[in-house]
Amino acid sequence: FKKASERTRRPGQMMSSRQTTQVGVPSNKTALQSPRAGGLPRKGGNNVSEAGVLPENPLQMSSTRSAKPKAQRLATLGKGDSWPEYSEEPSGDTLQALRKAWALFIPSTSIGVLFPQSGLRTHEDCMSGCDLLSKAIGYSRDNNDSSLLEMLDFIFKWAACAVLLRDHTSGFRKLLSTILDLFKRLDELSYVISDGEALLLLPYLLDKAGAAKLHFKDEILAIFTLVTSKKIYPSQKFGPVCMKVLEKSKSNPSRPLAAELCSIAVQSAGVSAIGKKGLVILSSALNEETVAEAKKVYIDLFETVVEKLKGDTDKLFSAIKPTDKVKAIIMERCGNQPVATQGSPRRSPPRKTVPPVSHYSPTSGLEAPALSSSAVVTGNLRARLQKSKETKLSEESPRLPPSIDTTSGTKFPAPHSPRTPSTDTMYNEIMTDINFMTKSDECKASDIVRGTDAIQLLSTVISTKERSSLDPIQEGAFREKIESDYNTCMLTVASALNFAFDYGGKNAPLPTALINQTVAALSLLLRMQCCSSEMKQKTVEYLVNVTVSALLDERMHIDQNIMRATNKVAMRAVLSPSLDSSLNALISVQVSVIDPEEGNTTSEKFRSKFSRVVEKLLKKAIKDRIDSSPSNPFGELEELGSLLASIDWMVETIEDVARIGGGPEELLTPSTSMTRHLLVQLVRCNHREVRETVEDLGNDVKFIEPLLRGCEQELGLQPPPPVVVPSSSGDSSFRQRLEALKRQRESNGN
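Residues numbered from 1 in each chain as written. Predicted model: local features only at pLDDT ≥ 70, side-chain atom pairs only at ≥ 80, totals over all residues. Heavy atoms only, no water.

With that settled, the discussion passes to the overall build of the chain. In terms of regular secondary structure, the chain is built from 29 helices and four strands. Put simply, the chain has 750 residues, and 51% of those count as buried. The long-range share in the chain, meaning contacts at least 24 apart out of those at least 6 apart in sequence, stands at 76%. Carbon and sulfur atoms form 49% of the exposed surface of the chain, whose accessible area is close to 34,000 Å². (Helix = DSSP H or I, 4+ residues; strand = E, 2+ residues; numbered from the N terminus. Buried < 20%, exposed > 50% of the residue type's maximum accessible area, 1.4 Å probe, protein only. Contact = heavy atoms within 4.5 Å. Areas by Shrake-Rupley, 256 points an atom, 1.4 Å probe, with all protein chains shown as cover.)

Another aspect to go through is the environment of Thr-653. Examined against the element boundaries, Thr-653 turns out to sit in helix α26 (residues 640–660). Note on Thr-653: relative accessible area 0%, which makes it buried. Thr-653 sits 50 residues away from Phe-703 along the chain, and the two C-alpha atoms are 9.7 Å apart.

Judged by side-chain charge, Lys-213, Arg-527, Arg-564 and Lys-568 come together as a positively charged surface patch. Topologically, Lys-568 is positioned in helix α23 (residues 560–575). A residue is classified by how much of its surface remains accessible, and Lys-568, at 55% relative accessible area, is exposed. (Patch = residues over 30% accessible without salt bridge, like charges linked within 9 Å, V, L, I, M, F, W, Y side chains within 5 Å. Salt bridge = Lys/Arg side-chain N within 4 Å of Asp/Glu carboxyl O. Lys, Arg positive; Asp, Glu negative; His and termini not counted. Charge placed at Lys NZ, Arg CZ, Asp CG, Glu CD.)

Within the structure shown, the criterion is met by 25 salt bridges. A salt bridge links Arg-141 to Asp-181; the shortest N-O distance between them is 3.1 Å. Of this pair, Arg-141 sits in helix α4 (residues 127–142) while Asp-181 sits in helix α6 (residues 169–188), placing them 40 residues apart in sequence. Residue Asp-181 is classed as partly exposed on the basis of its relative accessible area of 22%. Arg-450 is the salt-bridge partner of Asp-433, the closest N and O atoms lying 2.9 Å from each other. On the criterion of sequence distance, the pair formed by Asp-433 in helix α16 (residues 423–439) and Arg-450 in helix α17 (residues 445–462) is long-range, its members being 17 residues apart.

According to the stated counting rule, one finds eleven aromatic pairs in the structure shown. Ring geometry for Phe-224 against Phe-238: centres 5.1 Å apart, planes inclined by 50°, an arrangement best described as tilted. Of this pair, Phe-224 sits in helix α8 (residues 214–229) while Phe-238 sits in helix α9 (residues 235–248), and the two are 14 residues apart along the sequence. An identical accessibility class is assigned to Phe-224 and Phe-238; each is buried. Centre to centre, the rings of Phe-606 and Phe-610 are 6.1 Å apart; their planes meet at 50°, and the pair counts as tilted. A residue pair is termed a helical-turn pair when its members lie 3 or 4 positions apart in one helix, as Phe-606 and Phe-610 do in helix α25 (residues 604–628) at four residues. We classify Phe-606 as partly exposed; its relative accessible area is 26%. Through a chain of ring-to-ring contacts, the aromatic side chains of Trp-102, Phe-105, Phe-115 and Phe-154 assemble into a single cluster. (Phe/Tyr/Trp six-rings, centres within 6.5 Å; stacked < 30°, edge-to-face > 60°.)

Once that is clear, we can look at a negative patch on the surface. Together, Glu-689, Glu-692, Glu-695 and Asp-696 make up a negatively charged patch on the protein surface. Its location among the elements puts Glu-689 in helix α27 (residues 665–697). Take Glu-689: its relative accessible area is 40%, and that puts it in the partly exposed class.

Contact geometry of helix α2 (residues 92–102) with helix α5 (residues 152–163) gives a least axis separation of 11 Å together with a crossing angle of 150°. If you check the angle between α2 and α5, you find them roughly antiparallel. Here α2 runs over α5; the crossing is left-handed. Within the contact between the two elements, α2 uses Leu-95, Leu-98, Ala-101 and Trp-102 and α5 uses Phe-154, Ile-155, Lys-157, Trp-158 and Cys-161. In the contact of α2 with α5, the residues fall into eight nonpolar, no polar and one charged. (Axes fitted to C-alpha atoms, helices over the stretch in contact; angles between N-to-C directions. Parallel < 35°, antiparallel > 145°, perpendicular 65-115°, else oblique. Left-handed = near helix turned anticlockwise from the far one by under 90°. Nonpolar A, V, L, I, M, F, W, Y, C, P; charged D, E, K, R; others polar.)

Attention shifts here to α23. Between its terminal C-alpha atoms α23 stretches 23 Å, which fits the 22 Å expected from 16 residues at 1.5 Å a residue. Along α23, the positions that sit buried rather than exposed are Ile-562, Thr-566, Val-569, Ala-570, Met-571, Arg-572, Ala-573, Val-574 and Leu-575. Of the surrounding secondary structure, the elements contacted by the buried residues of α23 are α20 (512–526), α22 (537–551), α24 (579–594) and α25. (Expected span 1.5 Å × (residues − 1).)

Relative to each other, α17 and helix α18 (residues 472–484) sit at 115°, their axes nearing to 9 Å. With respect to each other, α17 and α18 are oriented roughly perpendicular. Between α17 and α18 lies a crossing whose hand is left-handed. Residues Leu-458, Val-461 and Ile-462 of α17 form the contact with α18, whose own contacting residues are Glu-475, Phe-478, Arg-479 and Ile-482.

In this fold, Pro-234 is placed in the loop between α8 and α9. Look at Pro-234 and you get buried, because its relative accessible area is 13%. Counting along the chain gives 42 residues from Pro-234 to Val-192, while the straight-line C-alpha distance between them is 8.4 Å. For Pro-234, the contacting residues outside a window of four places in its chain are Val-192 and Thr-228.

Applying the stated criterion across every chain, the model contains two cavities of 30 Å³ or more. Its volume calculated, the largest cavity comes out at about 60 Å³. The wall of the largest cavity is formed by Cys-130, Leu-133, Ile-137, Ile-155, Trp-158, Ala-159, Leu-175, Thr-178, Ile-179 and Leu-182. Going through the elements one at a time, α4, α5 and α6 are the ones with two or more residues in the lining of the largest cavity. The biggest single contributor to the lining of the largest cavity is α6, with four residues. Partitioned by chemical class, the residues of the lining of the largest cavity number nine nonpolar, one polar and no charged. (1 Å grid on protein atoms, 1.4 Å probe; cavity = no way out; pocket = protein on both sides within 12 Å on 5 of 7 lines; lining within 4 Å. Points joined across faces, edges and corners; volume = space filled by probe spheres on them.)

Right, here's the structure in full:
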């Protein structure tokens, strides 16, 4: 959630985020050197004004005779051309060569925008270049002009360099949007990209998708769906691109993702989509892979290949000459599969039976608990999902990503099929298994395994990272069910996290498998697009309470991975919902922590720590808004009056607790600090509206006035004439007002 660095940049540097010292961990790699804007000699006229104004078509071509045509440029790729072969990244010399070559064709002003003098270090630095390309695409569309096709290799090279830059949320979003719009324009022109053009961009984009955040990964997959479904680059050609990433990528998440896309290509176009060379690469990858999840995806791809070969494993083995290890793995999965006719269902491998789990080890890390062979563990849910999978495969329905609207680029589920099994029943079974675990008076180990399994299935359907047993139609219907029952689903999964830390008492080992699956599910739920509009304030309050309590548990230091993941969920819990829900929820939680009449049974030391964490979360939420929208960070706030009433409630509570000696200074200091910080930012953003709203509320906000005046004084603003501020004396009136405000907030939440 950090904003891009504000440090002064050294001219002409471009940093890459793909190089890693270990898989998935960015390194401080030497920056690519970009030449100074306008520093190269120009040949030919470009009809550009001396003032540096971009022409209507910023990619307008010059009449330079010495410039090579695109076909000749593509022919020299890998033969003296400076562009590297994937997975090698573009170097500083590569970027200079790209700028110099492109400068022969387009205006110098355009070159200056695409290659800024300050350099390309983060995705933020390429935003102006994306705007320029969008303008060129718009010109092509409005004027039915296809001249940008001659620039396509340059555009793809620049886009590949931009993809590899250090992450910046807004910049990367704009870059992906520009790439998607470019491919839409290619579709409108009925253009099929060549193999040379595809290799300039697609492998780097796929590699980036593996390590990208979930919503960016979805956007990249939407681009690939458009490219293959519209035949801009057909599936039978896209397969080798995926195999290249599978073979050469150093990113753990990218290799299995490439295998997933290969599987889609094979289901759509047959084994020829990856060919004999691809099968040899897959065999070698399976033989050498050490990551369990990646191996599983490779085996799934081999299973798809065997299906397309109608169960003929001998034909497969004669083509790829696998090692004994790989042959044994394939035979274990596919050996019992008979030579089938077209349309025969996939035969699932037999499941091994293992003894039920009787205890949990705090050092078990990210490994899931062993599954019991008992029916109470997997129940009808797993069988129903497997039956759905077999039904889908028996109908020879290729597993394709969700359809996309080629006008807007957004995903939408395909129409519901009457033959699709009830997703409502599957969803209800998952919720039942979780509730049975968390609410049972005598919870057994098998109940925990069953609940963990249910949460894992929920995550699998939501996530695109794992292969679900549902087809795209069912996945779309399942997500719609979650969205319609979002708050109940979120509260149910959050209750599993609360249960995990209470189970067995504070001295018992943590059920790490359950915690990992629950935290992963919460993270996915919080990243759903419906979160901002659907998540209610009371749900935010509960999730903050649960995650902060977990972070303060003394057993957390045993597993740093769990702590980091839980901390991210706590932050996401206040960043993903609407601004109104987040801020009001944090104030409500803080009031419940400091108020001695809220039934707090924990120690003052624990409550003080809890209060400090809540303060940090609120400041983080405000900082995130300021970073994303510096000019109007509270622009999404819908009910300023309600928020000011909550602040007033907090001030009143602080005064009352201090007056009756209900807590030490270290307990009240974070509450006072966060209240003042929030009000200062509100006043800084829109002083007039805050002041007018306070005056309109009148007697409904009687305790905020001194704090508001202090904030105005701190910011050097002119306060209005003094007003009389009532005292918070009188326990009875204070409690009555507090309870009335709580009842009002609860009714609003419902």
